[in-house]
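Breakdown of the fold
Spelled out, the chains give:
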2 protein chains.
Amino acid sequence: MVSNALLIDLYELTMAAAFLEQGRGSDTATFDLYFRHNPFRGGYAIAAGLEDAVRALVDLRFTPDDTAYLASLRSPNGAALFRPEFLRYLSGFRFRGTVRGIPEGTVVFPREPLLQVRGNLVECQIAETILLCHINFQTLIATKAARIWEAANHGAVIEFGLRRAQGPDGAMSASRASFIGGASATSNVRGAERYGISPKGTHAHSFVQAFESELEAFRAFARSFTDDCVLLVDTYDVLRSGVPNAITVGKELEKSGHRLAGIRIDSGDLAFLSQHARSLLDAAGLGYVRIVVSNDLDEYVISNIISEGGRIDVWGVGTNLVTGAGEGGGALGGVYKMVEHNGRPKIKLSGNPEKMTNPGVKRVHRFFSNGWMEADALADDSEVLSGDGVLIIDPNNPLRRKKVAPSLRVELLEDIVRGGRLTYEFPSLACIRQRRTEELARLHESYRRLHNPHEYKVGLTHTLWQQKEQMLNEETV
Amino acid sequence: MVSNALLIDLYELTMAAAFLEQGRGSDTATFDLYFRHNPFRGGYAIAAGLEDAVRALVDLRFTPDDTAYLASLRSPNGAALFRPEFLRYLSGFRFRGTVRGIPEGTVVFPREPLLQVRGNLVECQIAETILLCHINFQTLIATKAARIWEAANHGAVIEFGLRRAQGPDGAMSASRASFIGGASATSNVRGAERYGISPKGTHAHSFVQAFESELEAFRAFARSFTDDCVLLVDTYDVLRSGVPNAITVGKELEKSGHRLAGIRIDSGDLAFLSQHARSLLDAAGLGYVRIVVSNDLDEYVISNIISEGGRIDVWGVGTNLVTGAGEGGGALGGVYKMVEHNGRPKIKLSGNPEKMTNPGVKRVHRFFSNGWMEADALADDSEVLSGDGVLIIDPNNPLRRKKVAPSLRVELLEDIVRGGRLTYEFPSLACIRQRRTEELARLHESYRRLHNPHEYKVGLTHTLWQQKEQMLNEETV
């Protein structure tokens, strides 16, 4: 594997150099990695990317080539940007700190630390970029996949995005996160191989164009793939040509003891076309033939097609899934903020309340009532929550408070890395996917709906709020 | 380098298998790779990704591990999905066809083949996914960068996107394409190293938080980086704390013979804050200190800040640049369509005129008048264009026609690969970037503006149009 230590924003290295040179190298700190808004204007997110992020961090080493490159960088005055002592430090660098994290597949909300990184200032800072890069993207895509899976009424979703992804590796991360979020297969063969996902795909319009007629093309494809033949029926005309030809081939397959697996429609009015295709197939005795659709699908289009009576068995979703497209999408705005330094809580002020940080080393508690997630609390690390009602206070507006009297409480952050060593056994992707299914089943529909979802409550405990308020008073200029 | 042969949509392989099994393995074909709409509702795009796409194609090999994985895939009936003969074919596969392409950094428009791939049906099909993956993403990002660079009045733009990119490799491709399009530096150290871009970055809020006071933090950073010290001034309050402290440090640097390089503002009203910061700096005799801004910038925000009188020297753009965000963005909808088969032109019909393909092997001609790009024509490969006026016909609506009487005509497609071998010397990124600058200088402002740009004319020659019309008549069901 190619060294990834240079996959880092330069400012992590300039800060690290300055910390060391100014005698701050052994200061300790805690950083929270969190996001401020649910993506897609939705009511939740699905945590993903933890394993890739943490493995990148614990394996992070600066090779001789890396430090040689850094040694070549120059300041405007021509002097070396980095001093030799710093480059020697980097040569021996490895992350020796602590990471706690929320497991992949968990339903998460704004302001909750998905990762909590503790260590010396330098290692915490060097960790920042690579952690954000993995967590931001995979959480975005897992969330998009979950929304699509929900819109499809938990039906079959295939991720078709390799050609529209952000380069090859963007496609790989997208295949992984899509599977966590709800896709059950991918067109990306490498993604399927690496992650143990089922690869899917049949043929394109070009296959039909390469034969004298659509029927001849369908027959040719069916001869090669007798038992998983899905025919693309929209090269010429879906209902006048594609479906009738598919029925002809379906009946021929039956005679030789096989079954046509499906048809795919890739253009036009998918609700209308699928209804009529279904009727034609059923009338021909091919009720078992499945209807696959594709063409710029997303959760809203899928929801509309279903409400218009579309008869779809499988949804192929590409671009909008792997790029996390849509209002409030495109990127998860995850940030990485210092919340503690040498044992003292730290705050960053802002004129915008939601950009203020929540100081202190935290735990994340989730409260359940009658099996449903009710609210989450950010508590001080050492705080003992009472068994009775817990008061939580909105960190963005302390006028908003809620008393939670739960029947069940769990903590979300788990130990992942201690002293630079993995102490966590990463679950299989199948387990992560299963976790996501179970988590969504405990989140009430009002938080899951596409339009104007309820805002799930994530508050500070009174202790944490008092600490924040005190710092606010002290730090205000 | 990891084998990339499996970075392919499964359907390319099922089609390839069926072509071979049905005796079509030596059929020849031509495929065009093009997009249908300019990204971002803009008036142009910047071609990018050619080198990565073509190198991936000519280096594409199926390793024993790759074919072993493919051999493990099963049909629903339990039989192997692929037959041993096909897997043996893949083991010996390499691309032996021909590729023509439009050089990176060229201004391009919808419906123009950015790549033209010729070869046997199987190799053309196997090429599809990886070509689209590279060209779609890099063209999107180079175009976004060009729009941002234009909005910034060709000022300094730094790409800051690693943490919000689509995984590590998405970030690398984004750094490359951003540089082509107009960014002059990147925060991504690996991207800087691999592509020879200048790496940039200073410090984050956490650096300030790690010291007792902002002033102490600024002094510490300035001691380590005397000549390229850019101070982040918005941790507490830009005008009441950050800028005054930066001025103090700037004056101290002057006393030791150095100069404060800049300040960075990362939140708030950037037009207002930059104007006041400029006044404070100038009044202190620090007129040379540059003002860097960041915080969810894109071409529209930059354009607004400038029109409101913002005093900005350097624009740091992250998320919106590397994800190609914005209306009409997120992905370039590049497609790869068969236009010729065994010497005969091929068409794909659609109820939607813009989704019909333009049949035949083509050349792309660009006409200039008085130094400006005037229009482009898609012509038949063998067609000799007259020196006088050339009639071009809108492929989406043949009622729209234009006579072009150019002073200069050039052809855009160049030979890149012949018989599977590279015949093209890829230019350096600096040359590609220079080409993009020159190209944009010859595209009239009416096509470059952000809002409602003119539509640049790309038409079929009369010969190509007649061919399309004839096929339309023949193929209509």
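These figures come from a predicted structure and were not determined experimentally.

Along chain A, the regular secondary structure elements total 16 helices and 22 strands. Based on the C-alpha atoms only, the size of chain A along its principal axes is roughly 80 × 60 × 40 Å. Within chain A, buried positions represent 64% of all 477 residues. For chain A, the computed accessible surface area is about 16800 Å², with 47% contributed by carbon and sulfur atoms. Each charge class in chain A can be summarised by its mean position, and for the 54 positive and 57 negative side chains these summaries are 2 Å apart.

This part takes up the side chain of Thr-129 of chain A. Mapped onto the elements of the fold, Thr-129 of chain A is located in helix α5 (residues 121–151). The contact partners of Thr-129 of chain A, leaving out residues within four places of it in the chain, are Leu-7, Ile-8, Asp-9 and Glu-12 of chain A together with Leu-162 and Arg-163 of chain B.

Looking now at the packing of helix α5 (residues 121–151) of chain B against helix α14 (residues 429–441) of chain B. All names here are of chain B. Taken N-terminus to C-terminus, the directions of α5 and α14 make an angle of 65°; their axes are 12 Å apart at the nearest point. Between α5 and α14 lies a crossing of right-handed hand. Residue-level inspection shows Ala-146, Trp-149 and Glu-150 of α5 in contact with α14, the latter providing Arg-436, Thr-437 and Leu-440. Of the residues assigned to the contact of α5 with α14, the class counts are three nonpolar, one polar and two charged.

We now examine the relation of the copies chain A and chain B. For the match of chain A to chain B, the screw axis carries a shift of 0.0 Å, the RMSD comes to 0.0 Å, and the turn is 180°. Put plainly, the chains are arranged around a two-fold axis. Counting the interface residues of chain A, we find that 99% of their copies in chain B are interface residues as well, pointing to one common contact surface.

Residue and element names in this part refer to chain B. As defined by bridge partners, strand β17 (residues 390–393) adjoins strand β18 (residues 401–404) across four bridges and the pair is classed as antiparallel. Residue pairing across strands places Leu-391 opposite Lys-403, the latter belonging to β18. Where β17 meets strand β22 (residues 458–461), two bridges bridge the pair, whose relative direction is antiparallel. In the sheet register, Ile-392 faces β22, and the bridge partner there is Thr-461.

Our focus in this paragraph is the packing of helix α6 (residues 167–181) of chain A against helix α6 (residues 167–181) of chain B. Packed helices, taken two at a time, are described by the angle between their axes plus the distance between the axes. With their axes 6 Å apart at the nearest point, α6 of chain A and α6 of chain B run at an angle of 155° to one another. Relative to α6 of chain B, α6 of chain A is oriented roughly antiparallel. The hand of the α6 of chain A/α6 of chain B crossing is left-handed. Residues Gly-167, Pro-168, Asp-169, Gly-170 and Ser-173 of chain A of α6 of chain A form the contact with α6 of chain B, whose participating residues are Gly-167, Pro-168, Asp-169, Gly-170 and Ser-173 of chain B.

Bringing the sheet that holds strand β14 (residues 344–345) of chain B into the picture now. All names here are of chain B. Strand order in this open sheet of seven strands is β14-β13-β1-β5-β3-β20-β21, and the pairing throughout is antiparallel. Here the strands that pair on one side only, and so sit at the sheet edges, are β14 and β21 (421–422). As defined by bridge partners, strand β1 (residues 28–34) adjoins strand β5 (residues 115–120) across six bridges and the pair is classed as antiparallel. Each residue of the ladder has a partner; that of Thr-28, found in β5, is Asn-120.

Turning our attention to the sheet that holds strand β15 (residues 362–369) of chain B. Residue and element names in this part refer to chain B. Read from one edge of the open sheet, six strands run β18-β17-β22-β16-β15-β19, paired in mixed fashion. Two strands close off the open sheet at either side, each with one partner strand: β18 and β19 (408–411). Each strand axis lies, on average, 35° off the axis of its neighbour in the sheet, ignoring direction. Contacts from helix α16 (residues 462–475) reach β15, β16 (372–380), β17, β18 and β22 within the one sheet, and its direction differs from that of β22 by about 80°.

So, on to helix α16 (residues 462–475) of chain A. Residues and elements named next belong to chain A. Taking 1.5 Å of rise per residue, 14 residues should cover 20 Å, and α16 covers 20 Å from first to last C-alpha, within 8% of that figure. Looking at α16, one finds that the buried residues are Leu-464, Trp-465, Gln-467, Lys-468, Met-471 and Leu-472. Taken end-on, α16 shows its buried residues confined to a sector of 160°, consistent with a single buried face. In α16, the exposed positions that point more than 90 degrees away from the buried face belong to Asn-473 and Glu-474. Looking at the buried residues of α16, the elements they touch are β14 (344–345), β15 (362–369), β16 (372–380), β17 (390–393), β18 (401–404) and β22 (458–461).

Glancing now at the packing of aromatic side chains. If you walk through the whole model with that rule in mind, you get 28 aromatic pairs over all chains. Between Phe-221 of chain A and Phe-225 of chain A the ring centres are 5.1 Å apart and the planes differ by 35°, which places this aromatic pair in the tilted class. When sorted by exposure, Phe-221 of chain A lands in the same class as Phe-225 of chain A, which is buried. Taking the centre distance of 5.0 Å and the plane angle of 45° together, the rings of Phe-207 of chain B and Phe-211 of chain B count as tilted. Of the two residues, Phe-207 of chain B and Phe-211 of chain B, both sit in the buried class. A connected cluster of aromatic rings, assembled from ring pairs, spans Phe-19, Phe-62, Phe-82, Phe-86, Tyr-89 and Phe-93 of chain A together with Phe-207, Phe-211, Phe-221 and Phe-225 of chain B. Taking NZ or CZ as reference, Arg-24 of chain B lies 4.2 Å from the ring centre of Phe-211 of chain A, over its face.

Of all hydrophobic cores here, the largest spans 306 residues; its most connected members are Phe-62, Leu-70 and Phe-82 of chain A together with Phe-62, Leu-70 and Phe-82 of chain B. When neighbours within four sequence positions are excluded, Leu-70 of chain A is seen to be in contact with Leu-6, Leu-13, Phe-62, Phe-82, Leu-87 and Leu-90 of chain A together with Val-189 of chain B.

When the parts come together, some accessible area is lost, and that loss is often what is quoted as the size of the interface. At the interface, 109 residues of chain A touch 108 residues of chain B. Area buried by chain A at its contact with chain B is led by Arg-163, Gln-166 and Gln-209 of chain A, which between them contribute 10% of it. Counting the contacts that link chain A with chain B gives 12 salt bridges. Here Arg-163 of chain A makes a salt bridge to Glu-128 of chain B, at a shortest N to O gap of 2.9 Å. One can count 58 residue pairs in polar contact (both at pLDDT 80 or more) joining chain A with chain B.

Another aspect to go through is the environment of Glu-414 of chain A. Residue and element names in this part refer to chain A. Within the secondary structure, Glu-414 is located in strand β20 (residues 414–418). Residue classification places Glu-414 among the partly exposed residues on the basis of a relative accessible area of 31%. C-alpha separation for the pair Glu-414 and Glu-51, spaced 363 residues apart in sequence, amounts to 13 Å. In contact with Glu-414, not counting residues within four places along its chain, are Val-99, Arg-100, Gly-101, Pro-103 and Tyr-424.

Quick look at the environment of Asp-388 of chain A now. All names here are of chain A. By secondary structure assignment, the location of Asp-388 is in the loop between β16 and β17. Residue Asp-388 is classed as exposed on the basis of its relative accessible area, which comes to 59%. Other than its neighbours up to four places away in sequence, Asp-388 contacts Val-404 and Pro-406.

Residues and elements named next belong to chain A. Note on placement: Val-107 falls in strand β4 (residues 107–108). Once the C-alpha coordinates of Val-107 and Glu-439 are considered, the two residues, 332 residues apart in sequence, prove to be 6.1 Å apart. Contacts of Val-107, omitting those with residues within four sequence positions, involve Tyr-44, Ala-45, Ile-46, Arg-366, Met-373, Glu-439, Leu-440 and Leu-443.

The topology assignment puts Gln-166 of chain A in the loop between β6 (156–159) and α6. For Gln-166 of chain A, the side chain forms a polar contact with the main-chain nitrogen of Gln-166 of chain B, separated by 3.5 Å.

This next bit is on the pattern of salt bridges. Pairing between side chains of opposite charge can happen when their charged atoms approach one another. Residue and element names in this part refer to chain B. Following the criterion strictly, the structure yields 66 salt bridges over all chains and no others. The partner of Glu-252 in a salt bridge is Arg-219, and the shortest N-O contact between them spans 2.7 Å. With Glu-252 in helix α10 (residues 238–255) and Arg-219 in helix α9 (residues 214–224), the pair connects residues that are 33 residues apart, well separated along the chain. The class of Glu-252 is partly exposed, set by a relative accessible area of 31%.

Calculation notes
- Residues numbered from 1 in each chain as written.
- Chains lettered and ligands numbered in written order.
- Predicted model: local features only at pLDDT ≥ 70, side-chain atom pairs only at ≥ 80, totals over all residues.
- Heavy atoms only, no water.
- Helix = DSSP H or I, 4+ residues; strand = E, 2+ residues; numbered from the N terminus.
- Buried < 20%, exposed > 50% of the residue type's maximum accessible area, 1.4 Å probe, protein only.
- Areas by Shrake-Rupley, 256 points an atom, 1.4 Å probe, with all protein chains shown as cover.
- Lys, Arg positive; Asp, Glu negative; His and termini not counted.
- Charge placed at Lys NZ, Arg CZ, Asp CG, Glu CD.
- Contact = heavy atoms within 4.5 Å.
- Axes fitted to C-alpha atoms, helices over the stretch in contact; angles between N-to-C directions.
- Left-handed = near helix turned anticlockwise from the far one by under 90°.
- Nonpolar A, V, L, I, M, F, W, Y, C, P; charged D, E, K, R; others polar.
- Least-squares fit on C-alpha atoms with pLDDT ≥ 70 in both.
- Pairing = 2+ DSSP bridges.
- Parallel < 35°, antiparallel > 145°, perpendicular 65-115°, else oblique.
- Expected span 1.5 Å × (residues − 1).
- Arc of directions from axis to C-beta.
- Phe/Tyr/Trp six-rings, centres within 6.5 Å; stacked < 30°, edge-to-face > 60°.
- Lys NZ or Arg CZ within 6 Å of the ring centre and 35° of its normal.
- Core = buried A, V, L, I, M, F, W, Y, C linked by side-chain atoms within 4.5 Å.
- Buried area = accessible area lost by both parts, 1.4 Å probe.
- Salt bridge = Lys/Arg side-chain N within 4 Å of Asp/Glu carboxyl O.
- Polar contact = N/O pair within 3.5 Å; in protein donor to acceptor, adjacent residues only side chain to side chain.

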